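This is what each chain is made of:
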Amino acid sequence: MSARPTYTPALGLRVLTPFYDAAIAAFTRARTWRPHLVRQIAPQGGMRIVDIGCGTGTLTRALKRAAPGATVIGVDPDAQVLAKARLRAIAAGAEVTYVKGFFDDDFIAAHGPFAAVTISLVLHQVPLEGKAAILRSAFRSLAPSGRLHIADYGVQPGRLMRFAFRNTVQRIDGFEDTEHNARGVLPDLMHEAGFDNVKETALFPTPSGAITLFQAEKHITGELP
Ligand SMILES: C[S@@+](CC[C@H](N)C(=O)[O-])C[C@H]1O[C@@H](n2cnc3c(N)ncnc32)[C@H](O)[C@@H]1O
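Report on the accompanying structure.

Definitions and limits used
- Residues numbered from 1 in each chain as written.
- Predicted model: local features only at pLDDT ≥ 70, side-chain atom pairs only at ≥ 80, totals over all residues.
- Heavy atoms only, no water.
- Pairing = 2+ DSSP bridges.
- Helix = DSSP H or I, 4+ residues; strand = E, 2+ residues; numbered from the N terminus.
- Axes fitted to C-alpha atoms, helices over the stretch in contact; angles between N-to-C directions.
- Contact = heavy atoms within 4.5 Å.
- Near = heavy atom within 4 Å.
- Polar contact = N/O pair within 3.5 Å; in protein donor to acceptor, adjacent residues only side chain to side chain.
- Areas by Shrake-Rupley, 256 points an atom, 1.4 Å probe, with all protein chains shown as cover.
- Nonpolar A, V, L, I, M, F, W, Y, C, P; charged D, E, K, R; others polar.
- Expected span 1.5 Å × (residues − 1).
- Buried < 20%, exposed > 50% of the residue type's maximum accessible area, 1.4 Å probe, protein only.
- Arc of directions from axis to C-beta.

## So, the sheet that holds strand β2 (residues 71-76)
Next, step 1: Pairing in this open sheet of 7 strands is mixed, and the strands run β3-β2-β1-β4-β5-β7-β6 from one edge to the other. In this open sheet, the two strands that pair with only one neighbour each are β3 (97-100) and β6 (196-204). Within this sheet the neighbouring strands show an average axis-to-axis angle of 20°, counted without direction.
Next, step 2: Relative to strand β4 (residues 114-120), strand β1 (residues 48-52) runs parallel, the two sharing 4 bridges. In the sheet register, Ile-49 faces β4, and the bridge partner there is Ala-116.
Next, step 3: Lying on the sheet, helix α6 (residues 128-141) is in contact with β1, β4 and β5 (142-153); it crosses β5 at an angle near 150°.
Next, step 4: Packing of helix α10 (residues 185-193) onto the sheet brings it into contact with β5, β6 and β7 (211-217), and relative to β5 it is tilted by some 165°.

And the structure:
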């Protein structure tokens, strides 16, 4: 099944989208975890990489900078953030392909398979069944031995991080969708989607709660879940 045909805008409300990059830099300490995520993905020439919910494209540009010979594709249903992503890629001289839409079977048929799928700060905004559907699609879209890389809010370690998460992300994006992440659902959903070697690779305390980096692998080459 594909992702749901609705989505939450980048900062919860469409009117806040112009402030997205500044807010993410300040409230998620993006300059700490994003370079770590790029190193974890380890892009190389010839790799096909997709960034699901790419927003204004910061990660896609960083991946292309790290490996100019890689094919980097960003997909997002929001035309407003994609317009920014395209302008910034042109300004940076980064050849990234941006596709407006959901990460569904049509997208995978047109652009896959991928060596790496990355999803940053998206799943906490998506309802539970949508999270599961995106992860199943990510599994289907990967080539054998391909890897999934996620950066998102997960279990909040300690009272300070729980307080920060509750008073920022949960206020902006709503309680229900975000609470599944805080209860640790992501590793379970990755296993259910068919992934092996699901690992938490790093944890970054931020003013909006702790952001966890995850990695998982597609090992099987037979029947898809
Ligand atoms: C908080 S922003 C994150 C943007 C970017 N990945 C980053 O790290 O800065 C979440 C993005 O996910 C997109 N999005 C929300 N639901 C989605 C879904 N079901 N499938 C794909 N993208 C989605 C939104 O349009 C938004 O641009």
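## With respect to the site of the ligand
Next, step 1: The ligand sits among 19 residues. The nearest are Tyr-20, Arg-34, Gly-53, Asp-76 and Ser-120.
Next, step 2: At a separation of 2.9 Å, an oxygen atom of the ligand approaches a polar side-chain atom of Arg-34.
Next, step 3: For the ligand, an oxygen atom lies 2.6 Å from a polar atom in the side chain of Ser-120.
Next, step 4: Burial of the ligand by the protein amounts to 97% of the accessible area it has alone, namely 600 Å².
Next, step 5: Class assignment for the residues of the shell around the ligand results in 11 nonpolar, 5 polar and 3 charged.

## Focus on helix α4 (residues 79-92)
Next, step 1: For α4, with 14 residues, the first-to-last C-alpha span of 20 Å sits near the 20 Å given by 1.5 Å per residue.
Next, step 2: Within α4, the full set of buried residues consists of Val-81, Leu-82, Ala-85 and Ala-89. End-on view of α4: buried residues confined to an arc of 95°, all on one side of the axis. Seen from the open side of α4, the exposed residues pointing more than 90 degrees away from its buried face are Leu-87, Ile-90 and Ala-91.
Next, step 3: Looking at the buried residues of α4, the elements they touch are α3 (58-66), β2 and β3.

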